Amino acid sequence: MTDFTYNLEDVTAVAKQVTAHLKGRIVLLYGELGVGKTTLLKAIMKELGVEDQISSPTYALVHEYSSKIGPIYHFDCYRLKTAEEAEMLGFSEYLDSGNWVFIEWPEKVEHLLDQERNILRFSRNADNTRTLNLKSEQTIKEPT
């Protein structure tokens, strides 16, 4: 487990550090609205070579970005009502693609994950800095 405390002005430097610590290509981002998940994610994607304009896929649910290392997928599950909606989008295929997959608001789809994943937990501090806790884990789904 690794912790980073930073100001939003330092997001580019933090993105470099976080990217160096990521294991596997699935990244779950947890934190309240406005804590800086998308801001840091934009910087991480730039670090991975995305040159496109990056925005949150709140309404589209998933955006695909081109990079020199292949496609990068960005999910925002905030508006999902059920995990079945994610499956209708081909969620499992994205996860199994071997490409980078970033998931904001992953609470609704956690049980669909059996791959190694990086967990980023964001919190806002009293002095308006952010603390990011990064942890990698592997959970195997129970057979159905």
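Since the model is a prediction, treat every value here as computed from it, not as a measurement.

Q: Report on the pattern of salt bridges, specifying residues and quantitative values.
A: Within this structure, the stated rule accounts for three salt bridges. Where K16 meets E47, a salt bridge forms, and the shortest distance between an N and an O atom there is 3.8 Å. Of this pair, K16 sits in helix α1 (residues 11-21) while E47 sits in helix α2 (residues 37-47), and the two are 31 residues apart along the sequence. The class for E47 is partly exposed, based on a relative accessible area of 35%. E32 serves as the salt-bridge partner of R124, at 3.4 Å between the closest nitrogen and oxygen. Residue R124 is found in strand β6 (residues 117-124), and its partner E32 is found in the loop between β2 (26-30) and α2; the two are separated by 92 residues along the sequence. R124 gets classed as partly exposed once you look at its relative accessible area, which sits at 35%.

Q: Go over the packing of aromatic side chains with me, naming the residues and quoting the values.
A: Enumeration over the complete set of coordinates arrives at five aromatic pairs. A centroid spacing of 5.1 Å and a plane angle of 85° characterise the contact between F75 and Y94, whose relative ring orientation is edge-to-face. Of this pair, F75 sits in strand β4 (residues 72-76) while Y94 sits in helix α4 (residues 91-96); the two residues are 19 residues apart in sequence, bridging distant segments of the chain. Judged by its relative accessible area of 21%, Y94 falls in the partly exposed class. Between W100 and F102 the ring centres are 5.7 Å apart and the planes differ by 10°, which places this aromatic pair in the stacked class. Given a relative accessible area of 0%, F102 falls into the buried group. The ring of Y30 has R121 sitting right over it, with the charged end atom 4.2 Å from the ring centre.

Conventions used here
- Counting restarts for each chain, with residues numbered from 1 along the sequence as it is written.
- In keeping with the model being predicted, local features are shown solely for residues with a pLDDT of at least 70 and side-chain atom pairs are shown and tallied solely at 80 or more, while totals for entire chains, interfaces and linings include all residues.
- Excluded from the side-chain calculations are hydrogens and water; all other atoms, namely the structure's heavy atoms, are used.
- For this document, the term salt bridge refers to a Lys or Arg side-chain nitrogen within 4 Å of an Asp or Glu carboxyl oxygen.
- Secondary structure elements are taken from DSSP: a helix is a run of H or I of four residues or more, a strand is a run of E of two residues or more, and numbering for both begins at the N terminus.
- For every residue, the accessible area obtained with a 1.4 Å probe (protein chains only) is divided by the maximum for its type, and the residue is called buried under 20%, exposed over 50%, and partly exposed between those limits.
- We call Phe, Tyr and Trp rings a pair once their centres come within 6.5 Å, taking the six-membered ring for Trp, and we label the pair stacked below 30 degrees between planes, edge-to-face above 60, and tilted otherwise.
- Charge-over-ring placement is defined geometrically: NZ (Lys) or CZ (Arg) within 6 Å of the ring centre, and within 35 degrees of the ring normal.

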